[in-house]
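Descriptive structure summary
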Amino acid sequence: MLLSVLAIAPLTWVWLASSGHRLVAESSPGWTADVPRAPVALVLGAAAFNGSPSPMLARRLDISAELYRAGRVRAILLSGDNGRVGYDEPTVMRDYLIARGIPGHALVLDYAGFDTWDSCVRARTVFGATRLTVVTQVFHLPRAVALCRTAGLETFGVGDDSSRRWASTYAYAAREFAAAAKGLLDSVVLDSSPVFPGPRETTLEAALRPG
């Protein structure tokens, strides 16, 4: 019984910490109006293949584009993995959004978003964000919101639910047990620093500057 309680404790924490601060994209007509305005949307990276985003990542980007067009955010922070030669999630994300009419000056790239905790901490400490909307899939959303809020960001989350049609979703959802435990350890227990903690960048400030 004790082991069972310990196993679900991290998931319970992320659900409680994110409760009231998240919604499902396209859950109703005009759903963007239910998203609080924030200076920036933080899009968390996912797999990219041959210069194109995976379907999962593409949906995150589509949602961020909808939020931008609806005036719910003024800039989009693209945080992903560029940790090895030839693999560059943030650039793929930027190119995808530019191809869909989002202006390049509104896009900010974080090349060291190696996991959710790193992306949240770097959004605050490296890029200077204080309030944002985090965009990901529904199964990941409670953890993303909880970690960003624990990192000191006023955070609301928007999740894509279309992935429920994909068989791989069940594997990702199951992985959330371990991921939530790691997130709780990194954020609450250890207060871990990102793999690359700095230096401070002003690119987000420039993207938010009027004119």
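Just so it is clear, the model here is predicted, and its values are computed rather than measured.

About the criteria used
Residues numbered from 1 in each chain as written. Predicted model: local features only at pLDDT ≥ 70, side-chain atom pairs only at ≥ 80, totals over all residues. Heavy atoms only, no water. Disulfide = S-S within 2.5 Å. Helix = DSSP H or I, 4+ residues; strand = E, 2+ residues; numbered from the N terminus. Buried < 20%, exposed > 50% of the residue type's maximum accessible area, 1.4 Å probe, protein only. Contact = heavy atoms within 4.5 Å.

A few points about the state of the cysteines
Going through the model one piece at a time under the given rule, you end up with 1 disulfide. Across the disulfide, C120 is cross-linked to C148 (sulfur-sulfur distance 2.3 Å). Measuring handedness by torsion sign, the sulfur bridge of C120 and C148 sits at about -75° and is left-handed. With C120 in helix α4 (residues 116-125) and C148 in helix α5 (residues 141-150), this pair connects stretches of sequence that are 28 residues apart.

A look at α5
Within α5, 8 of the 10 residues are buried, which leaves it mostly tucked inside the rest of the structure. For α5, the set of buried residues is L141, P142, R143, A144, V145, A146, L147 and C148. G152 sits one or two residues past α5 and shows a positive phi near 100°.

As for the environment of L208
Following the sequence through the fold, L208 ends up in helix α7 (residues 203-208). On a C-alpha basis, the gap between L208 and R131 in space is 13 Å, while along the polypeptide they are 77 residues apart. The residues touching L208, leaving out its near neighbours within four places in the chain, are P39, R74 and A75.

Focus on the environment of H105
Turning to its location among the elements, H105 is positioned in the loop between α3 (89-99) and β6 (107-110). Expressed as a C-alpha distance, the spacing of H105 and C120, which sit 15 residues apart in the sequence, is 21 Å. Those residues in contact with H105 that sit more than four places away from it in its chain are Y68 and A207.

Some remarks on unusual backbone geometry
The step from G198 to P199 runs through a cis peptide bond, and the omega angle for that step is 5°. For E26, which is not glycine, the phi dihedral falls at a positive 60°. With respect to the helices, strands and loops of the structure, E26 is situated in the loop between β1 (22-24) and β2 (40-44). For N50, which is not glycine, the phi torsion reads 50° and is therefore positive. Within the secondary structure, N50 sits in the loop between β3 (48-49) and β4 (52-53). Residue classification places N50 among the exposed residues on the basis of a relative accessible area of 83%.

Topic: the environment of E26
Relative accessible area serves as the criterion here: at 47%, E26 is assigned to the partly exposed category. Between the C-alpha atoms of E26 and T202, which are 176 residues apart in sequence, the distance is 33 Å.

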